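As a plain string of letters, each chain reads:
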Amino acid sequence: MRRFLRPGHDPVRERLKRDLFQFNKTVEHGFPHQPSALGYSPFLHLMAIGTRSGAIKLYGAPGVEFMGLHEENNTVMQIHFIPDQCQLVTLLDDNSLHLWSLRQHSGASELREEHRFTLKGPPGSPPSATQITAVLPHSSREVLYLGTESGSIFVVELPSFRVREDRTITSEAVLQQLPEDSCNRRSCELVEALQEHPKNPDQILIGYSRGLIVLWDLQNSKATHHFLGSQQLENLYWQRDGSKFVSCHSDGSYTQWPVSSDNRQPEPLESLVPYGPFPCKAISKIYWQTTRNGLPYIIFQGGMPRASYGDRHSITVIHGSQQTAFDFTSRVIDFFITFSSEPAAEFEDPSALVVLAEEELVVIDLRTAGWPAVQPPYLASLHCSAITCSHHVSNIPLKLWERIISAGSKQNVQYSRMPWPINGGTNVAPDPPQRDLLLTGHEDGTVRFWDASGVCLHLLYKLSTVRVFLTDADPNDNMNALGEDEWPPLRKVGTFDPYSDDPRLGIQKIYLCKYSGYLAVAGTAGQVLVMELNDEDAEHVVDHAEADLLQDQEGYRWKGHEKLKTRDGPVRFEAGFQPFVLIQCQPPAVVTSLALHSEWKLAAFGTSHGFGLFDHQQKRLVFVKCTLHPSDQLALEGPLSRVKSLKKSLRQSFRRIRRSRVSSRKRRGVSGNASEVQEANAKFDQDALQEMELAPVQRKIEARSAEDSFTGFVRTLYFADTFLRDSSRHCPSLWAGTNGGTVHAFCLRVPPAERRMDEPVRAEQAKEIQLMHRAPVVGILVLDGRGTPLPEPLEVAHDLSKSPDMQGSHQLLVVSEEQLKVFTLPKVSSKLKLKLTALEGCRVRKVTVANFGSCKTDDYSENNLAVLTNLGDIQIISLPLLKLQIRYPCIRKEDVSGIASCVFTKYGQGFYLISPSEFERFSLSTKWLVEPRCVVGAPEATSNNHVHSKSGLGSAARRS
Amino acid sequence: EFRRFSLERSKPGKFEEFYGLLQHVHKIPNVDVLVGYTDIHGDLLPINNDDNYHKAVSTANPLLRIFIQRKEDADYSAFGTDTMTRKKNVLSNVLRADNHKKKPHIVISMPQDFRPVSSIIDVDILPETHRRVRLYKYGTDKPLGFYIRDGSSVRVTPHGLEKVPGIFISRLVPGGLAQSTGLLAVNDEVLEVNGIEVSGKSLDQVTDMMIANSRNLIITVRPANQRNNVVRNSRTSGSSGQSTESSLPSSTPNILANSLQGEEESDEEDIIIEDNGEPQQIPKAAPTSESLESLTQMELLHESTQNGFLPSSEMNLNHSAGSISMEYEVQDADHKSLEEDGTIITL
């Protein structure tokens, strides 16, 4: 009976929970992992990106985003928009075709898969007969032409995917039409390219891989022209008026061919190897864009001299005498050209080159002199240097927001001012309710500030901490400094740079106070920088302090990396956050926790050895506390070097290979009694196999002891103004939680503002709590007399929070990996607890207080704990009673990096990395939901719509 | 020396009072003594708490023979079953311990100095094929000492026999707690941890659950060897007499229950060091908070629970000690079953 009366099943509460909590994965931010295909619709002004895991993502104007996922999770090979339709066709690597369409549904468009189709050949034909290599959506919007490996071109109707066998263009039929001498030695091979005539929809250009190109009349089923290329064909491109086309080839050449009615077998007008005369790599795709002023833009991918520049990922733009080879940081997947001219216009007048590389999207403004890059409003490469940590700040005051934006705009002067060229669709989502910042720390010592308010995660400002330190790499080393007469005229574009000069620069912890503009950043080599926002460039000396965390310990030797060398003298900093204090922990271990109190002007930091408190007003170290257990050797000696362990594992694997070679040689050597040996070997193998099966994964059950390593590791630091000593007077306090389940509490004496510079800040240890279950402490929180968490520093001063209740008794919440426990204050006695691990075997990985508003009533909201466990579940736990409210599975439990990267916001949303370059955004709240909501309407179809088909999407390249 | 005195059988009073009375009667007010009595079977049994004192008084018909020894020269081996019949002249042995050279006995301290390390519990509510074992982990010096692994077991389901994934004990660490109890064995299937079913949980989850509960671990297993199961033939054996302290604490020896409670609390209680540097256990905030025990050193907590700890090589002796403490458990059950199920084997 008691079971039914549990408070958790109170119907009123259950209803309220439905109004408060709801789990949604709303949008993916960042750059898709492993993109494999690109498509563009000049009609819709939408871009589509396919990935190796079968995802397809559509982007238009900022905020217009769609995502679809192929059930098969196969690589997307090609994407083609259907001309003048809100539809697209994808080709996967399992040779299946999928038709997707954008349909409006209750005020917003949705991307849905409508049909799927796999081309089947006649019975008995080899699979290559139907292996699709080229796709041409015809401008009639009724049929798709599918070029195959066998050289046949199949015709399927849309949207039913019915094969019109009567209209199949077989290679035999094509060869019959050609004169004997041109077809004698070459079979047609596979279809490399299919292009529709820009003026006459009844003619298509067929390019076969061996170099034969045929202009085919669909009405009369006959070849009107044929062109004999001498090189392997890569791709074809029609000029706008249909009088000429260009072919590009595997030897790095391109050829221009005339199409006229008088000559049925024309010779090339011009054939060129742009980066000759030495052997060049293939030109895999080419555009020939006409302009009003007569000089065409010739844009092609590849073609670099094989020996010296064969490893470059380049796209060359030639316009008259200007020629630039854009050098990309990763492999080019595909590219297209946008143009703003009317579809019926005589000239194309290209406006931008959009390149999808493997790790980033680069857009080049072709209208502005110098061809500067355009900063994309979305698809940011989060991983341009690996993300090492993230920090979210909700509800940024407008003043700070504007200052950050202005600091960022000064950094982005090199970018083009061109409006974003891909601007299809309309964003109908409500404006983001508040300004949110997501800060990511990177391996190269930078902190990036992202606008995380809405659907588009947009880079606002980039902060580098490198300038403070002396590193091997010269920061003025300019990769782009190439001489005038350099050939080929390479120019590096893109920001992706995963190679860190010095891993010690990596950012590990970030803390931003949104009211004061103070920022604390801590890194891998024990460095802690406190910064202030300055709107002007400045040159000043960074104060330097050292915190010896091993003070009272003797005879220990740190075997990890050395501390970073600092730059002497004044350093020039650009506008933005400028460091004024550097604290270096000794030994220089990774900073594992960081807290900043902007009102008291104090910064606390912790490593695996201990923690310290720094007064950044007086620039004085207040105290350090060593948390190290004397037997903890591992923490003392530093982390095992990654290089060393890699070397070791390499050595081991080489040994293993050698051993197996030796043993196999032995086996072969003894041929006399081969059967016997074989038998013995078989037996041995079997035994080994059995042994392997008998020793499955097993786990040791062992209570945690005080001697476990890394018990001194400081996991969390927390400032609170609370009743630490007695119940009548409250005072500033600092709390620290360690990996060994210890909580240290220090009573602080901060002099009043008028004497702040004169009197020192004092601290003395007031309490130490040892949790008997010894699990790592991951969170500490003080609840006021009403059970509400204490506000952030300066929050009350800015009238953004009610002042905490200092009358009632405060409570201390300690969150360990295994339990949540509430203690009374000032006399620490345990009041409540919630065991997680003991009941479910899960461990707390991340915990935050989040405010949940009701979607029904505006004035109701409550604070709860959002907890992420090692199983990837998110649990919402009420405060202060610690009752489990609801649980959602969020991240796969195998996805360790996803769980480790998760960050919660103050209002019940969160982010985690689904790949090195993508954040998944999720929401636990019914009220705060940021998701794309957009409409893509089909513009009126024009009568002479066939001209559209000749833009980017019409290309039918088979990528290798 | 013999003294004869009378007690009111209906109101025996407390052991402390009785002890005081004995000291008074024998005029040895400051001498620590061991008190024993002979029961109806002629066994010499100890009197050291209220329960066995009451038991002793109730068995007197009408005379109760009580033996008193000085604690320093006590012969612990004198206690136990058959002691009186085996040693006909136990009296002389007891009173003149230094009389003749004997083989030096290994001294086993008295039951109140022991604490339980494991027990089989809830025998009356579990199916016969299952066994619920409680392991008590004190301090940090002795490993729990077992490993678990994934495996599969066969279950009877509505669809017939089905193979389901399960968690099994894969290895016992020699000398570890699990091995020393003899209650867990390799290939036993783990069904529950502290009352929570493990089905559907991963190996890592179960590992974490066990470690989180390691101070007071209760695991329910299906022993691989089903031959040692308790065969419960009647209500009498299934009655409260068989179950032990956790299900029906009132029926169990008081010492054990007391020490158990003490342990459970110390498991719950974290230690706080106030600014005067003196560690204390954190009391519960509830109004019924226990008197808080002030410890001068953090390690003291461990020490206080560790005295009387014996290496596991003396298992056979422990068994006999165990049966002493259980002396008035179900009388009709035979000796073997006593050892195997209901007993609390104390170390």
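Per chain, residue numbering runs from 1 following the sequence as it is written. Chain letters and ligand numbers both follow the written order, the letters beginning at A and the numbers at 1. Residues qualify for local features only when their pLDDT is at least 70, as the model is predicted, and side-chain atom pairs are given and counted only at 80 or more; totals for whole chains, interfaces and linings, by contrast, use all residues. As a rule here, side-chain values come from all non-hydrogen atoms in the structure, and water together with hydrogens is ignored.

Considerations on the overall build of chain B
Our working definition: Numbering of helices and strands runs from the N terminus; a helix is a DSSP stretch of H or I covering at least four residues, while a strand is a stretch of E covering at least two. Two residues qualify as a contact provided that any one of their heavy atoms is within 4.5 Å of a heavy atom in the partner residue. Method for areas: the Shrake-Rupley scheme with a 1.4 Å probe, in which residue coverage is limited to the protein chains shown.
Assigned secondary structure in chain B consists of 11 helices and 13 strands. By sequence separation, contacts in chain B at least 24 residues apart represent 61% of the contacts at least 6 residues apart. When the accessible surface of chain B is summed, it comes to about 18100 Å², and 51% of that surface belongs to carbon and sulfur atoms.

Structural notes on the pattern of salt bridges
In plain terms, the rule: We define a salt bridge as a contact between a side-chain nitrogen of Lys or Arg and a carboxyl oxygen of Asp or Glu at a distance within 4 Å. Working definition: with a 1.4 Å probe on protein chains only, accessible area under 20% of the residue-type maximum means buried, over 50% means exposed, and in between means partly exposed.
Counted under the stated rule, the structure contains 47 salt bridges over all chains. As a salt-bridge pair, D543 of chain A and K619 of chain A come within 3.6 Å of each other at their nearest N and O atoms. With D543 of chain A in strand 40 (residues 543-548) and K619 of chain A in the loop between strand 46 (610-615) and strand 47 (620-626), this pair connects stretches of sequence that are 76 residues apart. K619 of chain A sits in the partly exposed class, given a relative accessible area of 36%. Between D784 of chain A and R786 of chain A there is a salt bridge whose closest N-O contact spans 3.8 Å. Using a relative accessible area of 2% as the deciding quantity, one classes D784 of chain A as buried. Each member of the salt-bridge network shares a partner with another, and the members are R715, E817, E818, R843 and R845 of chain A together with D208 of chain B.

Some remarks on the UniProt feature "repeat: WD" (unreviewed entry) in chain A
Residues and elements named next belong to chain A. Here is the rule we go by: UniProt positions are given in the numbering used here, feature names are shortened, and annotations may be inferred rather than shown by experiment.
UniProt's entry tags residues 69-110 and 433-451 with the feature "repeat: WD" (unreviewed entry), counted in the numbering of this structure. For residues 69-110, the end-to-end C-alpha separation is 13 Å, with 0% helix and 62% strand making up the annotated structure. Annotated as residues 433-451, this span is 0% helix and 63% strand, and its ends, taken at the C-alpha atoms, are 13 Å apart.

Describing the sheet that holds strand 3 (residues 66-70) of chain B
All names here are of chain B. Basically, it comes down to this: DSSP bridges decide pairing: two strands pair if at least two such bridges lie between them. Lines are fitted to the C-alpha atoms to define the axes, a helix being fitted only along its stretch in contact, and any angle between axes, read from their N-to-C directions, falls within 0 to 180 degrees.
Pairing within the open sheet is antiparallel, and its 3 strands lie in the order 2-1-3. Strands with a single pairing partner mark the edges of an open sheet, and in this sheet they are strand 2 (44-47) and strand 3. Going from strand to strand, the sheet's axes swing by 35° on average, the running direction of each strand aside. Pairing geometry for strand 1 (residues 33-38) and strand 3, over 5 bridges, is antiparallel. Bridge pairing in strand 3 places G36 opposite F67.

Quick look at the packing of aromatic side chains
All names here are of chain A. For clarity, the cut-off: Aromatic contacts are taken between Phe, Tyr and Trp rings whose centres are within 6.5 Å, Trp giving its six-membered ring; a plane angle under 30 degrees counts as stacked, one over 60 as edge-to-face, and the others as tilted.
Under the defined criterion, the tally for this structure stands at 33 aromatic pairs over all chains. Judged by centre distance (6.1 Å) and plane angle (85°), the ring pair of F611 and F623 falls under edge-to-face. One end of the pair, F611, is in strand 46; the other, F623, is in strand 47, and 12 residues separate them in sequence. Judged by relative accessible area, F611 falls into the buried class, the value being 0%. A relative accessible area of 12% places F623 in the buried class. Taken together, the ring pairs connect F23, Y888, F904, Y912 and F922 into an aromatic cluster.

Quick notes on the sheet that holds strand 12 (residues 153-157) of chain A
Residues and elements named next belong to chain A. The 3 strands are arranged 10-11-12 in an open sheet whose pairing can be described as antiparallel. The open sheet has two edge strands, strand 10 (132-137) and strand 12, and neither has a second partner. In this sheet, neighbouring strand axes are inclined to one another by 25° on average, regardless of whether the strands run parallel or antiparallel. The pairing of strand 10 with strand 11 (residues 143-148) spans 5 bridges and is classified as antiparallel.

Remarks on the environment of F904 of chain A
Along the chain, F904 of chain A falls in strand 61 (residues 903-904). Discounting chain neighbours no more than four positions away, the residues touching F904 of chain A are H392, K846, T848, A866, V867, L868, I874, Q909, G910, F922 and L924 of chain A.

Focus on helix 6 (residues 203-212) of chain B
Of all the 10 residues making up helix 6 of chain B, 9 are buried; the element is thus mostly covered by neighbouring parts of the structure. All of the buried residues along helix 6 of chain B are L203, Q205, V206, T207, D208, M209, M210, I211 and A212 of chain B.

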